[in-house]
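Listed below are the residues making up each chain.
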Amino acid sequence: MEAADLGSGGWEVSGAVAKGRSGWVATGFAAIILAAYPLSHLAAQDTAQGKIVYVKWCAGCHGETGAGDGPAAAYMLPRPRDFTGAIYQIRVTASGALPTDADLMRSIDDGLGGTAMPAWKDRLSQGERRDVLAYLKTFSAFFADTSQHITALDFGHEPSGGAQGLKVGRQFYDSIGCRKCHGDQGRGDGPSAPTLKDDAGLPIFAADLHQNWRFNGGDDVTAIYHRLRTGLDGTPMPSFSDLIDQKFLTADELWHLAQYVRSLSPAKTPEVRDVIHAPTVAQLPASPDDSAWTRVDSYWFPLVGQVIHKARWFAPAVNSVLVQAVHTRDSVALRVVWDDRSHSPDSSWLAFAGKVLAAVASDDSTPPQAQLWPDQLAVQFPVTIPTGMERPYFLMGATTQPVYQWRWTSLGAPSEGRAVAGLARGIERFDTLSGARVGAQAVYDHGQWRVQFRRALATSDTANELQFAAMRAIPVAFFAWDGGNGEAGTRMAVSTWYFLALDTPTPVTVFVSPIVAIVLTFGLGLMLIKKAQRR
């Protein structure tokens, strides 16, 4: 336990203990305490040292005066915390109350998922983190107000859940209005989503409840329940404690809602695997929702904003894609799935896109104006499979070394999709290949796009189109644009290079040959033994 959890005075031996006992008893008691808690834990927090840490590591985002207006802040959504108002999202205290020191330390230690705030526990020492915590509190007079009583809520204990608990949680998800912002299936695509803004008037997304590793404040059931009880001050996310007080629901029922929300995300946080293995199948899936895809491994790849080439983009809406692939003797199919709050172009998101473009600093010579842009996806390959490790420039190649791409757009009939193949010769030039054939089908469903590409392994245009080959490491990369977030042109999300491998079935001889060899060796051994016995 740290001194921050016990008050700035640290440990004290009460007068009652000191009186009536000899000095050596008190001294011995203090020695035991000091042995259990090193001096580094008991030392008073040093705001002067905290300021040094803050200026070096924090002011770039949060600003010299703690107002959340550092030089990097204009490129971030959500914005860095404004410490002067003492409005904190992640707390164990009631809505509108100050956080505990443990709340602040937790945010410093672990960072805040879904934001630019990183974890500092492995970058700063414990003393540095405690000192900077103390310095943060100097930005607001609220922390110096002795009439403030910072008290954690009593959260109780999580009840057993199971299928019935999830059913109850889903019922309250609907009845208390979660779906209005988070959507029917929880992907942040509810009818109110395009209208959301924080207390500063900046646009804000409803959380995608299928990505708990990006939750602000923790990813487990307990952390989710805490957010439901406390709300996220400064955002549209309210506290539901009053519903318990009003007997609209019980604490256990709110726990079941937390269990339901957690159930929407994978059991484990997805991890990047560099190679997409595409098994051989007798027949390619007929559509993106063909049940055959449920039997194929899925690969998760993170995407980040394109911040290399002007105009840069720091606030992409698509943060990852899930990819699957299969092939037959003559064709390949690739399925790409990603969460997208808007089926663009969508006029209901036009105002939101305008607010995003206005809020995020840009190096455009002319500030961009929101338009009805579509959603888009690009899958990128080299023109030829490299023989070594060298690959074209990942950001859509170059004039002298183009890359081969499949580009899909949501314009057109969603049930059919629209895709073209072509060569990218840099981020601003894409030349469609006449006669190139790549098929695409797309489905948009409750905040998620599912797109299936299909192409022959070999084509007649060997100079410009990649010729797929089995048992080779084929570089592949991904790009995504969310039109409802104001993304078009160079404003996009990008990945680095990964690999696609078209696997082939293992020949039966691989399994039979060792068995045959063992049998022959055993038989030869018996012959030698019998021959020796006859002698």
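Analysis parameters
Residues numbered from 1 in each chain as written. Predicted model: local features only at pLDDT ≥ 70, side-chain atom pairs only at ≥ 80, totals over all residues. Heavy atoms only, no water. Helix = DSSP H or I, 4+ residues; strand = E, 2+ residues; numbered from the N terminus. Buried < 20%, exposed > 50% of the residue type's maximum accessible area, 1.4 Å probe, protein only. Contact = heavy atoms within 4.5 Å. Areas by Shrake-Rupley, 256 points an atom, 1.4 Å probe, with all protein chains shown as cover. Expected span 1.5 Å × (residues − 1). Pairing = 2+ DSSP bridges. Axes fitted to C-alpha atoms, helices over the stretch in contact; angles between N-to-C directions. Parallel < 35°, antiparallel > 145°, perpendicular 65-115°, else oblique. Left-handed = near helix turned anticlockwise from the far one by under 90°. Nonpolar A, V, L, I, M, F, W, Y, C, P; charged D, E, K, R; others polar. Phe/Tyr/Trp six-rings, centres within 6.5 Å; stacked < 30°, edge-to-face > 60°. Lys NZ or Arg CZ within 6 Å of the ring centre and 35° of its normal. Core = buried A, V, L, I, M, F, W, Y, C linked by side-chain atoms within 4.5 Å. pLDDT = per-residue confidence, 0-100. Salt bridge = Lys/Arg side-chain N within 4 Å of Asp/Glu carboxyl O. Polar contact = N/O pair within 3.5 Å; in protein donor to acceptor, adjacent residues only side chain to side chain.

1. A word on the overall build of the protein chain
1) Next: Each helix and strand in the protein chain was counted, giving 14 helices and 14 strands.
2) Next: Within the span of the protein chain, comprising 535 residues, buried residues form 45% of the whole.
3) Next: Long-range contacts, defined as pairs at least 24 residues apart, comprise 67% of the intrachain contacts of the protein chain with a sequence gap of at least 6.
4) Next: For the protein chain, the accessible surface area stands at approximately 26800 Å², while carbon and sulfur atoms represent 56% of it.

2. So, unusual backbone geometry
1) Next: Cis geometry marks the peptide bond from L77 to P78, where omega comes out at -5 degrees.
2) Next: Among the secondary structure elements, P78 is positioned in the loop between α5 (59–62) and α6 (101–110).
3) Next: Cis geometry marks the peptide bond from S344 to P345, where omega comes out at 0 degrees.
4) Next: Backbone geometry at A86 places phi at a positive 55 degrees, although glycine is not the residue there.
5) Next: Mapped onto the elements, A86 comes out in the loop between α5 and α6.

3. Regarding helix α12 (residues 251–263)
1) Next: End to end, α12 covers 19 Å across 13 residues, agreeing with the expected 18 Å (1.5 Å per residue, within 8%).
2) Next: Those residues of α12 lying buried are L254, W255, H256, L257, A258, Q259, Y260, V261 and R262.
3) Next: Taken together, the buried residues of α12 touch α8 (162–175), α9 (178–182), α10 (221–230) and α11 (241–245).

4. So, the sheet that holds strand β2 (residues 299–302)
1) Next: One open sheet holds the five strands; their spatial order is β2-β4-β5-β11-β10, and the pairing between them is antiparallel. Single-partner strands in this sheet number two, and they are β2 and β10 (439–444). Sheet twist, expressed as the average angle between the axes of neighbouring strands with direction ignored, equals 20 degrees.
2) Next: Summarising the sheet, strand β5 (residues 331–339) and strand β11 (residues 448–456) pair through nine bridges and their orientation is antiparallel. Residue pairing across strands places L334 opposite F453, the latter belonging to β11.

5. Overview of the packing of α10 against α12
1) Next: Closest axis-to-axis distance for the α10/α12 pair is 9 Å, and the angle between their directions is 125 degrees. As summarised for this structure, α10 and α12 are arranged oblique, according to the angle between their axes. As for how α10 packs across α12, the hand of that crossing is right-handed. Contact residues: α10 offers V221, T222, I224, Y225, L228 and R229, while α12 offers A251, L254, W255, L257, A258, Q259, V261 and R262.
2) Next: Taken together, the residues that form the contact of α10 with α12 break down as 10 nonpolar, two polar and two charged.

6. Description of the pairing of β5
1) Next: Among the nine residues of β5, nine are classified as buried, and the element is accordingly described as predominantly covered.
2) Next: Of the two faces of β5, the one holding S331, A333, R335, V337 and D339 and the one holding V332, L334, V336 and W338 are both buried throughout.
3) Next: Sheet topology places strand β4 (residues 320–327) next to β5; six bridges connect them, and they run antiparallel. Its bridge partner lying in β5, H327 is registered against V332.
4) Next: In textbook terms, the turn of a hairpin is the stretch between consecutive antiparallel strands, and for β4 and β5 this stretch comprises three residues.

7. A look at the packing of aromatic side chains
1) Next: Enumeration according to the criterion identifies 27 aromatic pairs in this entry.
2) Next: Aromatic pair F381 and W406: ring centres 5.0 Å apart, planes at 65 degrees, arrangement edge-to-face. Note that F381 is positioned in strand β6 (residues 376–382) and W406 in strand β7 (residues 403–409), a separation of 25 residues in sequence.
3) Next: A connected cluster of aromatic rings, assembled from ring pairs, spans Y54, F83, Y88, Y135, F139 and F143.
4) Next: Over the ring of F430 we find R407; its NZ or CZ atom is 4.2 Å from the centre of that ring.
5) Next: The lysine or arginine in question, R491, covers the ring of W373, its NZ or CZ lying 5.0 Å from the ring centre.

8. As for the environment of F172
1) Next: With respect to the secondary-structure elements, F172 resides in helix α8.
2) Next: Residue class for F172 comes out buried when judged on its relative accessible area of 13%.
3) Next: Sequence separation between F172 and L254 is 82 residues, and the spatial gap between their C-alpha atoms is 7.8 Å.

9. A word on the nonpolar core
1) Next: Counting 43 residues, the largest nonpolar core has W406 and F453 as its most contacted members.
2) Next: Ignoring anything within four residues of it in the chain, the contact list for W406 reads V332, L334, L377, A378, V379, F381, V420, A421, V438, F453, R455 and F468.
3) Next: Ranked by size, the runner-up nonpolar core spans 24 residues in total, among them Y173, L243, L249 and Y260.

10. A look at the confidence of the model for the protein chain
Low pLDDT marks regions whose predicted coordinates should not be analysed in detail.
1) Next: Put simply, the protein chain has an average pLDDT of 89, and 88% of its residues get 70 or more.
2) Next: Segment residues 1–42: pLDDT under 50, and 26 contacts once partners within four positions in sequence are set aside and those in other chains are kept.

11. Remarks on the pattern of salt bridges
1) Next: Considering all chains together, one arrives at 16 salt bridges under this definition.
2) Next: Residues R187 and D339 are paired through a salt bridge, measuring 3.3 Å at the closest nitrogen-oxygen approach. With a gap of 152 residues between them, R187 in the loop between α9 and α10 and D339 in strand β5 connect regions that are remote in the sequence.
3) Next: What makes R187 buried here is its relative accessible area of 12%.
4) Next: Take D339: its relative accessible area is 16%, and that puts it in the buried class.

12. Here's the deal with the side chain of D109
1) Next: As for its position among the elements, D109 is in helix α6.
2) Next: Exposure remark for D109: the relative accessible area of 15% places this residue in the buried category.
3) Next: Reaching out from D109, the side chain makes a polar contact with the side chain of R129 at a distance of 2.5 Å.

13. Focus on the environment of G483
1) Next: Structurally, G483 is set in the loop between β12 (474–481) and β13 (493–494).
2) Next: As for G483 and A317, which are separated by 166 residues in sequence, their C-alpha atoms are 9.4 Å apart.
3) Next: For G483, the residues in contact, after removing those within four places along its chain, are S344, A353, W373, P374 and D375.

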